Amino acid sequence: MCGIVGVISQAPVNQLIYDALLLLQHRGQDAAGIVTMQGTRCFMHKARGMVRDVFRTRNMRSLEGNWGIAHCRYPTAGSAHNSAESQPFYVNSPFGLMLAHNGNLTNAEELKREMFLQDLRHINTNSDSEVLLNVLAHELQAAATKYQLDAETIFKAVAGVHRRVRGAYAVVAMIAGYGLLAFRDPYGIRPLIV
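Residues numbered from 1 in each chain as written. Predicted model: local features only at pLDDT ≥ 70, side-chain atom pairs only at ≥ 80, totals over all residues. Heavy atoms only, no water.

The residue after Gln 87, namely Pro 88, is reached through a cis peptide bond having omega 5°. Looking at where Pro 88 falls in the secondary structure, it is placed in the loop between strand 4 (67–73) and strand 5 (89–91). In this model, Ser 93 is joined to Pro 94 through a cis peptide bond whose omega is -5°. Within the secondary structure layout, Pro 94 lies in the loop between strand 5 and strand 6 (97–105). (Helix = DSSP H or I, 4+ residues; strand = E, 2+ residues; numbered from the N terminus.)

The strand order across the open sheet built from 4 strands is 5-6-7-8, with neighbouring strands paired in antiparallel fashion. The open sheet has two edge strands with one neighbour each: strand 5 and strand 8 (179–184). Strand-to-strand twist in this sheet, taken as the mean axis angle between neighbours without regard to direction, amounts to 20°. Two elements, strand 6 and strand 7 (residues 167–175), share 9 bridges in a ladder whose sense is antiparallel. Its bridge partner being in strand 7, Asn 104 is matched across the sheet by Ala 168. (Pairing = 2+ DSSP bridges. Axes fitted to C-alpha atoms, helices over the stretch in contact; angles between N-to-C directions.)

Turning to the pattern of salt bridges, a few remarks are in order. Following the criterion strictly, the structure yields 3 salt bridges and no others. One salt bridge connects Arg 164 with Glu 114, and the closest N-O pair in it is separated by 3.1 Å. Of this pair, Arg 164 sits in helix 6 (residues 151–164) while Glu 114 sits in helix 4 (residues 108–117), and the two are 50 residues apart along the sequence. In terms of burial, Arg 164 and Glu 114 fall into one category: buried. One salt bridge in this structure joins Glu 139 and Arg 164, with 3.2 Å as the shortest N-O distance. Here Glu 139 is found in helix 5 (residues 128–143), whereas its partner Arg 164 is found in helix 6, with 25 residues between them in sequence. Judged by its relative accessible area of 11%, Glu 139 falls in the buried class. Taking the relative accessible area as the measure of exposure, Arg 164 reaches 17% and is therefore buried. Salt bridges sharing partners connect three or more residues here, namely Glu 114, Glu 139 and Arg 164. (Salt bridge = Lys/Arg side-chain N within 4 Å of Asp/Glu carboxyl O. Buried < 20%, exposed > 50% of the residue type's maximum accessible area, 1.4 Å probe, protein only.)

Put into structure tokens, the structure is as follows:
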């Protein structure tokens, strides 16, 4: 079980997201992370520990922007002691994607092999969230024509994620220069309010 949140606003979101993570702290106490965007530049801070311990004033000041996502972690896949598995995760291609995930992928190892052998993507951790991020990245790249995104293309990519990924998952993601994306598994097993 993990806590995820995504916010788009007319004003800076760092404090609002921090407050939301404090309210979601009961869903995960091992790590926390926030990524925000200002224009097409992302700002991220994440580490092991409780929300109140991970974020100091200097960290909050560096989280600029009017949109962002965040995560508090309860490790169900990967290592509880590896700070590299704190979320959100980021991949720069295509478009620049950031993702926070709650759930368990039952076919994560199979997908990890596919990512390497077929999709030519390297997975750096044992986290199924990084696998999910790379599946989404691949599906966005495959669905986009001339590297342009619109709502139909994004929905097609999410449908591709649903075809490949097995398990229960709720996701908040940001696509640099485009916006915030939220979706959950086709059966709606994990909670997500939009």
